[in-house]
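Inside the fold
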Amino acid sequence: MQSLQGALLPGKGLQSCTLRLGKSNKKRGLTGNKREKILSLLQEEGNLYAIDRFHLEGKEIYYMRMRHHAYTFVGEDAIGICTALTAAGCILSQEDRPKGGRYLESRPDGHCIQHYGADEMAEDWLSYQESLSSIYWEYFQKFKEDGTFDKCDEEYFRFLRTFREGSVF
């Protein structure tokens, strides 16, 4: 697929490039400097998205997903709760959710089932691998060296304590 799967801030950013997930135009996709456009989106105030990676058949696959509370836009070891989740549910409409969110089957016990498989993700994100991996590794190194990842972990555990006390949502 030729659209930026899962990385669209509703009403902002790359949406103007006709890249809304779920309404992707397979013929168009992101044009121009993909890396700079993706990085600009990730650095916007209030950004909801992160770059993450997984391994498939010996290859590293980079993709974009929702950020988790207290974490940066680089998803290294990011565990946690989706930043779009509130007490009332997801802040995004079904239509505006990234593909991974639309393909997530909610369960009352909190153990949701993901129906967006690795093969499909790899295919959807194929044309963005160079840009995503470049951004990922540049910022991974910066965040590791300056202590950002450690600060994120500390903040996340503060968030969890507050969440368990019932004062987050």
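Cut-off values and rules
Counting restarts for each chain: residues are numbered from 1 in the order of the written sequence. At least 70 in pLDDT is required for a residue's local features to be given in this predicted model, at least 80 for side-chain atom pairs to be given and counted, and no such filter applies to totals for whole chains, interfaces and linings, which use all residues. As a convention, hydrogens and water are excluded, and side-chain values are obtained from all of the structure's heavy atoms. Pairing of aromatic side chains requires ring centres within 6.5 Å, counting the rings of Phe and Tyr and the six-membered ring of Trp. Pairs whose planes differ by under 30 degrees are stacked, by over 60 edge-to-face, and all others tilted. A run of DSSP states H or I qualifies as a helix once it reaches four residues; a run of E qualifies as a strand once it reaches two. Both are numbered from the N-terminal end. Summary of the burial criterion: residues with accessible area below 20% of their type's maximum are buried, those above 50% are exposed, and those between are partly exposed, where the area comes from a 1.4 Å probe applied to protein chains only. Two strands pair if DSSP finds at least two bridges between them. By definition, a salt bridge exists where a carboxyl oxygen of Asp or Glu is found within 4 Å of a side-chain nitrogen of Lys or Arg.

Here the distance between the centres and the angle between the planes together describe a pair of aromatic rings. One pass over the full model with this rule turns up 10 aromatic pairs. Between Phe73 and Phe143, the ring centres sit 5.7 Å apart and the planes meet at 75°, which makes this aromatic pair edge-to-face. A residue pair is termed long-range when its members are at least 10 positions apart, and Phe73 in the loop between strand S2 (59-66) and strand S3 (85-86) and Phe143 in helix H4 (residues 129-145) qualify at 70 residues. The two residues Phe73 and Phe143 agree in class, both being buried. For the pair Tyr136 and Phe140, a centre-to-centre distance of 6.1 Å together with 5° between the ring planes defines the contact as stacked.

So, on to the pairing of strand S1 (residues 49-56). Extensive coverage of S1 is indicated by the burial of six of its eight residues. Relative to S2, S1 runs antiparallel, the two being bridged by eight bridges. Each bridged residue has a counterpart across the sheet, and for Tyr49 the counterpart in S2 is Met66. The loop that links S1 with its antiparallel partner S2 comprises two residues; one of these, Glu57, has a positive phi angle of about 50°.

This part is about the pattern of salt bridges. Summed over the entire model, instances satisfying the criterion amount to eight salt bridges. The shortest N-O distance in the salt bridge between Glu138 and Arg35 comes to 2.2 Å. Of this pair, Glu138 sits in helix H4 while Arg35 sits in helix H1 (residues 34-43), placing them 103 residues apart in sequence. The exposure class of Arg35 is buried, given its relative accessible area of 18%. Its salt-bridge partner being Glu138, residue Lys142 comes within 3.2 Å of it at the nearest N-O pair.

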